[in-house]
Amino acid sequence: MIKRGLLLLLLSWGPATLLSAQDHAYVDYSVKDGLAGSTVYAMAQDRQGFIWLGTETGLSRFDGTKFRNFYTTDGLPDNEIIKLFVDSRNRIWIIPFKNSICYYQHGKIHNQQNDTLLRNLPIHSEVVAVVEDSSGTIAISEADAIHLIDPAGKLTTIRQFGGLPFFLVQAGLDERHQLQFYIGGPFRDDQLVSLRNGQLVLEHTVDRQGPNNYSSTFISPPLEVHEDGDSLHFIDRRHHSQFRLPLPKGFINISPLNDSSVNLNAYSTALLIDVNRRQVVDSFLAGRTISGVLRDSEGDLWFSTLGAGLRRLGARAVRHYSFESHHTSLPVFSIAKIGHTLYVGTENFHLFTSQDDGRSFRDQHLYDFFSRGRITAITALPGNRGIGGNRSIDGDRGLVGTDAGSYLVTPGKAPRMLWQYGAEKALAVSDDSTILDFDGLGAFRRRLADGKLLDTIWPGRATCGCRSADTCYVGTLNGLYAVAPDKKTFCLGDRFPILKARIAALQRAPDGTLWIATYGEGLAAYKEGRLLTRLNTGNGLTSGICRSLFITASDIWVGTDHGLNKITVTDTGYRLVRFTSANGLSSDIINAIDVEGENVFTGGPDGLTQFNEDDLAASTSCRLSMTDIDIVGHQWPPDTTRFALGYDQNDLQFGFAGISFRSGGSMGYRYRLLGLDTGWKNTDQPSLHYTSLAPGNYELQILAFNTFGGASDLLALPFSIARPWWAWTWLRILLLLGIGGLVGSLFQLRVQAIRRKEAEKTATATRIAELEQMALRSRMNPHFIFNCLNSIQLYVMDKDIVGANVFITHFSRLIRQTLMLSARPTISLREEIDYLSTYLELEKTRFEDRFTYHLEMMPEMDRQSYSLPPMILQPYVENAILHGITHRPDNKGHIHIRLVREADCLVCIIEDNGVGRNLAAQYKSSHPNSYPSQGMDLTAKRLVLLNSTLHPPITVQIEDLEAPDHRPLGTRVVIRFPV
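Residues numbered from 1 in each chain as written. Predicted model: local features only at pLDDT ≥ 70, side-chain atom pairs only at ≥ 80, totals over all residues. Heavy atoms only, no water.

Q: Which residues make up the overall build of the protein, and what are the values?
A: The number of helices and strands found in the protein is nine helices and 76 strands. Over its C-alpha trace the protein gives a radius of gyration of 59 Å, far above what one expects of a compact globule, namely 30 Å for 979 residues. Overall, the C-alpha framework of the protein stretches about 190 × 105 × 45 Å when taken along its three principal axes. Relative to its full complement of 979 residues, the protein shows a buried share of 51%. Expressed as a percentage of contacts within the protein between residues at least 6 apart in sequence, the contacts between residues at least 24 apart total 50%. Total accessible area computed for the protein in this model is approximately 45,900 Å², and 52% of it derives from carbon and sulfur atoms. Mean positive and mean negative side-chain charge positions of the protein (97 and 103 charges, respectively) differ by 5 Å. (Helix = DSSP H or I, 4+ residues; strand = E, 2+ residues; numbered from the N terminus. Rg over C-alpha atoms; globule rule 2.2 N^0.38 Å. Buried < 20%, exposed > 50% of the residue type's maximum accessible area, 1.4 Å probe, protein only. Contact = heavy atoms within 4.5 Å. Areas by Shrake-Rupley, 256 points an atom, 1.4 Å probe, with all protein chains shown as cover. Lys, Arg positive; Asp, Glu negative; His and termini not counted. Charge placed at Lys NZ, Arg CZ, Asp CG, Glu CD.)

Here it is in structure tokens:
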């Protein structure tokens, strides 16, 4: 054992050796990601934030999530695109390898076949550059001509300078942002000329050696560069200074980054030049052929390559470290910053340590009896000051667990094995003198000084574990178990099914919450017998397969097989930020995590990644643009701001893109359709589809959110869907009116038909009534004649010839009136009064002046304007004479007839001072007549028939007149005729 230990010591400790390599963190995009071609010639970012890429096999537009490709079938003159330029109107000018030009705007490629402006633009040779000056004039420069397009669309072409043709090398802008051109030719020196008032003006002649080359010539407001022999001549216009730098081997071109930086692109590297410092300050992508570099609006650098697609360099604070042993790359499985020392555990039992923030690493090979073996756990030892017991400052001592046992490590000293065997999964400090050991054989409590086994906590295989208060929690392949101090064991999966899954990592937070990472079911939080929360892909976690876990005072960091997740618990829930290879991580598989303030370390198959969280999130932006509008299968320009649709154009699909390249395509969206939705909805899909929208006014509102919580401006798209012609309000009103009119007409016709039938019925009833009245009147006439003949008989019997003659005269006149009036339905009031006067005179004569009478009528009444049925009043007058007056013992009888107007009635009042109805009835019973009196009965029946057709009816009221001592004074009859 002593020999074996010496051998281990000799093998594991030696002179310091740098066994790591550091590089920038790049994100790769290739044809498999949707890029049109692997050879990329040109790049540009438009004003919406899209990155445009000219490739050998098409044009690509990238929004950070997906590529949209354009080809000749979309309107490109050629699929090989070598230059791009974005002007102030957000037109993307596209220069293909073929001698032509086109531009993209409003969702369409405008070329020389479908655009009037371009149709008049003659392109006969290679287009060198497209430039725009401060006034909005576009200069399209081909090898032997300059074409100027002013803001109004007027085209001017310049083909000569000083009376001679020229060869255009490059175009750009001067300090005042006016157009400037570098020209040459077989009969002239190289010259820099400016455009003044539509004319080329010489600025200066360029003294140089060697052939001119547009790729090595650069003109911008702050800088002028041209090739001179084996160097590049830089002219700093701002500081009025010049300097030269060696021409890189395999030089391709110059890419401007900002006012003080340019990039020199070559076949094997890309060099960053700081113009102020006049030197190379960084290099990128050694061994790659770089065709161009673009700095985007977030400050990230994009590298186009010839044959290797596209690379993006995110926050330059992200650093990658790769570790090798015998030319074999070593994956990282554990990380810990203990005090000032960074420990990194890899495959093959290699432990790398650094005390200078990763600038250099020492390799310690802990075990060499077999090569396959991982360093799986690193933890600080007690007695070292630090955060939460996981940090060490004094001595930087740590305990390292491997697949072959555990070691005590201290910087500057050889590792010391504490115990052997058992593949370590997790190590946790129990107290100042003991350690909890979780490995493939079980969970144990060991003495720190020598690793001696003190107690077996769990007898089966453990995957991880930790201690909380007096309870030891053991993760296994079959779930999570709690072991009490008395060794009673509880399976938490019996209460919470998620905790029956394979447990990958386990840690206790400062507030006592136990965070449990599972291998397939996501993350869970457990405290005091309750499952507080559960996170998986459905609520934001990059993957349900968790591999590592790290807890700080305020955050929970979870490593999965699809990236790193930072979870911040808030009062209202939690906030989740995701980091993936799209953000610069060397791999999406996160085996280990360590966080020191804003510095984050992750370990994976490709080595170690270090980044500053604040730097990675700094300068991020979030933009939102509409990319597609599809209405019933027809494409509309995506920049349409307001549109009106027909009633049948109600199937709408909207495509949009949230652009935040540092989010690596991890975007979220909130949206609502005003006019349909009452609240906001969430989605992670960049499209919305609305079918069968009802007519009305709508406004689609969308917000985008990047992975850092940044929000875009509100994208609002108002539109309206018209009502169908049959739903127009005026038409509906017209239809309703028409239907109403038709119904009204039908109703009116029906009413008229009913009225006709009713009129016919009424006429029939009236005719029947009239016939019945005529019959009644015909019955009344004999009755009256009978009485009159009786009176004549008395005259004859009394041999009163003169009286009989007078009576017969009056009688004949009354007979004529009766015959004439009884045949008519109504008579005038004058006729009625005349008739009654004749009758009363006749009766007065017959009864030898035993009574007097008086006919009274209001003076204002017109006798001719009132009409009433004939033979109605006479029976009541007759009844007053025969049954009232004649029974008086004296000759002082009197009949008073009054005619007055009351409201809508003509009132006839007949009063007599006879003996009254009671006494008359007694006389009638004691002296019965030989014939019955039918006058009152016939009149009553006539009134019933008349009232069947009158409204209001004729009413009759009979009153007995009495003295205060109840002595009868006569009878009053009140008859009311409706006027």
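From this point on, the discussion continues.
Q: Any chance you could break down the packing of aromatic side chains for me, citing the residues and the numbers?
A: Evaluation of the coordinates by the stated rule reveals 30 aromatic pairs. Ring centres of Tyr29 and Phe67 lie 6.2 Å apart, and the angle between their planes is 75°; this geometry places the pair in the edge-to-face category. One end of the pair, Tyr29, is in strand β2 (residues 26–29); the other, Phe67, is in strand β6 (residues 67–70), with 38 residues separating them in the sequence. Between Phe654 and Tyr690 the ring centres are 6.5 Å apart and the planes differ by 65°, which places this aromatic pair in the edge-to-face class. With a gap of 36 residues between them, Phe654 in strand β64 (residues 652–659) and Tyr690 in strand β67 (residues 687–690) connect regions that are remote in the sequence. With a relative accessible area of 0%, Phe654 lands in the buried category. Among the aromatic residues, those joined into a ring-pair cluster are Trp636, Phe643, Phe654, Tyr690, Tyr698 and Phe719. (Phe/Tyr/Trp six-rings, centres within 6.5 Å; stacked < 30°, edge-to-face > 60°.)

Q: Explain the pattern of salt bridges residue by residue, including any values.
A: By the definition in use, this model includes 30 salt bridges. Between Arg196 and Asp174 there is a salt bridge whose closest N-O contact spans 3.4 Å. Of this pair, Arg196 sits in strand β19 (residues 188–196) while Asp174 sits in the loop between β17 (167–173) and β18 (179–185), placing them 22 residues apart in sequence. In this structure Arg196 comes out as partly exposed when scored by relative accessible area, which is 22%. In this structure, Arg446 engages Asp437 in a salt bridge whose closest nitrogen and oxygen atoms are separated by 3.0 Å. Of the two residues, Arg446 and Asp437, neither departs from the other in class, the shared state being buried. (Salt bridge = Lys/Arg side-chain N within 4 Å of Asp/Glu carboxyl O.)

Q: Explain the sheet that holds strand β75 (residues 955–962) residue by residue, including any values.
A: Ordered in space as β71-β73-β74-β76-β75, the five strands form an open sheet in which the pairing is mixed. With one partner strand each, in any of the chains shown, β71 (851–857) and β75 form the two edges of the open sheet. Pairs of neighbouring strands in the sheet enclose a mean axial angle of 15°, with direction left out of account. (Pairing = 2+ DSSP bridges. Axes fitted to C-alpha atoms, helices over the stretch in contact; angles between N-to-C directions.)

Q: Break down the pairing of strand β5 (residues 58–62) for me, citing the residues and quoting the values.
A: Burial analysis of β5 places five of its five residues in the buried class, which makes it a mostly covered element. Residues Gly58, Ser60 and Phe62 of β5 are buried on one face, and the alternating residues Leu59 and Arg61, pointing to the opposite face, are buried as well. With five bridges joining them, strand β4 (residues 51–55) and β5 adopt antiparallel strand pairing. Paired with Thr55 across the two strands is Gly58, which belongs to β5. Taking the residues between adjacent antiparallel strands as the criterion, β4 and β5 are bridged by two residues. One ladder, built from four bridges, connects β5 with β6; its direction is antiparallel. By the bridge assignment for β6, Arg61 is matched with Arg68.

Q: An account of the packing of helix α6 (residues 829–846) against helix α7 (residues 873–885) is needed here, citing residue identities and associated values.
A: Interhelical geometry of α6 versus α7 gives an angle of 20° and a closest axis separation of 11 Å. Taken together, the axes of α6 and α7 lie roughly parallel to each other. Considering only the axes of α6 and α7, their crossing is right-handed. Of α7, the residues touching α6 (which contributes Glu832, Tyr835, Leu836, Tyr839, Leu840, Glu843 and Arg846) are Leu873, Gln874, Val877, Glu878, Ile881 and Leu882. Split into classes, the residues belonging to the contact of α6 with α7 amount to eight nonpolar, one polar and four charged. (Parallel < 35°, antiparallel > 145°, perpendicular 65-115°, else oblique. Left-handed = near helix turned anticlockwise from the far one by under 90°. Nonpolar A, V, L, I, M, F, W, Y, C, P; charged D, E, K, R; others polar.)

Q: Please set out the packing of helix α5 (residues 801–822) against α6 residue by residue, giving values where relevant.
A: Their axes nearest at 10 Å, the elements α5 and α6 cross at an angle of 150°. The angle between the axes of α5 and α6 places the two elements in the roughly antiparallel class. The two elements α5 and α6 meet at a crossing, and its hand is left-handed. Residues Phe807, His810, Phe811, Arg813, Leu814, Gln817, Thr818 and Leu821 of α5 touch α6, and the partners they reach there are Glu831, Asp834, Tyr835, Thr838, Tyr839, Leu842, Thr845 and Arg846. Tallied by class, the residues present in the contact of α5 with α6 amount to seven nonpolar, five polar and four charged.

Q: Go over the environment of Ala308, please, and point to the residues and values.
A: Here Ala308 is to be found in the loop between β30 (301–305) and β31 (310–313). Each C-alpha atom of the pair Ala308 and Ser125 lies 29 Å from the other, and the pair is 183 residues apart in sequence. Not counting the four nearest positions on each side in its chain, Ala308 is found in contact with Tyr29, Ser38 and Arg288.

Q: I'd like a description of α5, backed by residues and values.
A: Taking 1.5 Å per residue, 22 residues should reach 32 Å; α5 reaches 30 Å between its end C-alpha atoms and fits that length. Along α5, the residues that are buried comprise Gly803, Ala804, Phe807, Phe811, Leu814, Ile815, Gln817, Thr818, Leu821 and Ser822. (Expected span 1.5 Å × (residues − 1).)

Q: Just give me the short version of the nonpolar core, but keep the residues and values in it.
A: Core analysis: the largest hydrophobic core is formed by 43 residues, its most contacted members being Leu829, Val877, Ile881, Ile895, Ile910 and Phe977. No other element matches α6, which puts seven residues into this core. When residues no more than four places from it in sequence are discounted, the contact partners of Phe977 are Leu868, Pro869, Ile872, Leu873, Asp904, Cys905, Leu906, Cys908 and Ile954. Formed by 30 residues, the second largest nonpolar core is a distinct cluster that contains Val40, Ile51, Phe70 and Leu76. (Core = buried A, V, L, I, M, F, W, Y, C linked by side-chain atoms within 4.5 Å.)

Q: Describe the pairing of strand β43 (residues 434–439), and please don't skip the residues or the numbers.
A: Residues in a regular strand project their side chains so that they alternate between the two faces of the sheet. When you tally the buried positions in β43, you get six out of six residues, the bulk of the element. The side-chain alternation of β43 yields two buried faces, one formed by Thr434, Leu436 and Phe438 and the other by Ile435, Asp437 and Asp439. Pairing of strand β42 (residues 424–429) with β43, which is carried by five bridges, proceeds in the antiparallel orientation. Within β43, the residue paired with Ala426 across the bridge is Phe438. Following β42, the chain reverses through four residues before pairing antiparallel with β43.

Q: So what's going on with the sheet that holds strand β28 (residues 279–284)? Residues and values would help.
A: Across the sheet, which stays open at both edges, the four strands sit in the order β25-β26-β27-β28 with antiparallel pairing between neighbours. This sheet does not close on itself; its edge strands, each paired only once, are β25 (251–258) and β28. Going from strand to strand, the sheet's axes swing by 25° on average, the running direction of each strand aside. Where strand β27 (residues 270–274) lies against β28, five bridges are found, and the strand directions are antiparallel. Bridging from a neighbouring strand, Asp274 pairs with Gln279 of β28.

Q: Provide a residue-level description of the environment of Gly529, including the pertinent values.
A: Residue placement: Gly529 occurs in the loop between β52 (523–527) and β53 (530–535). Classification of Gly529 by relative accessible area gives buried; the value is 17%. C-alpha of Gly529 to C-alpha of Asp684: the two residues are 155 residues apart in sequence and 34 Å apart in space. Beyond its immediate stretch of four places on either side in the chain, Gly529 contacts Arg495 and Phe496.

Q: Report on a nonpolar patch on the surface, specifying residues and quantitative values.
A: On the surface, Tyr647, Trp725 and Trp726 cluster together into a nonpolar patch covering about 360 Å² of accessible area. In this fold, Trp726 is placed in the loop between β69 (715–721) and α4 (729–797). Using a relative accessible area of 44% as the deciding quantity, one classes Trp726 as partly exposed. (Patch = residues over 30% accessible without salt bridge, like charges linked within 9 Å, V, L, I, M, F, W, Y side chains within 5 Å.)

Q: Kindly report on the environment of Gly522, identifying the contributing residues and their values.
A: Secondary-structure assignment places Gly522 in the loop between β51 (514–518) and β52. Measuring from C-alpha to C-alpha, the distance between Gly522 and Ile895 comes to 121 Å, with 373 residues separating the pair along the chain. Leave out the neighbours within four places in its chain, and Gly522 touches Ile516, Ala517, Leu535, Leu541, Gly544 and Cys546.

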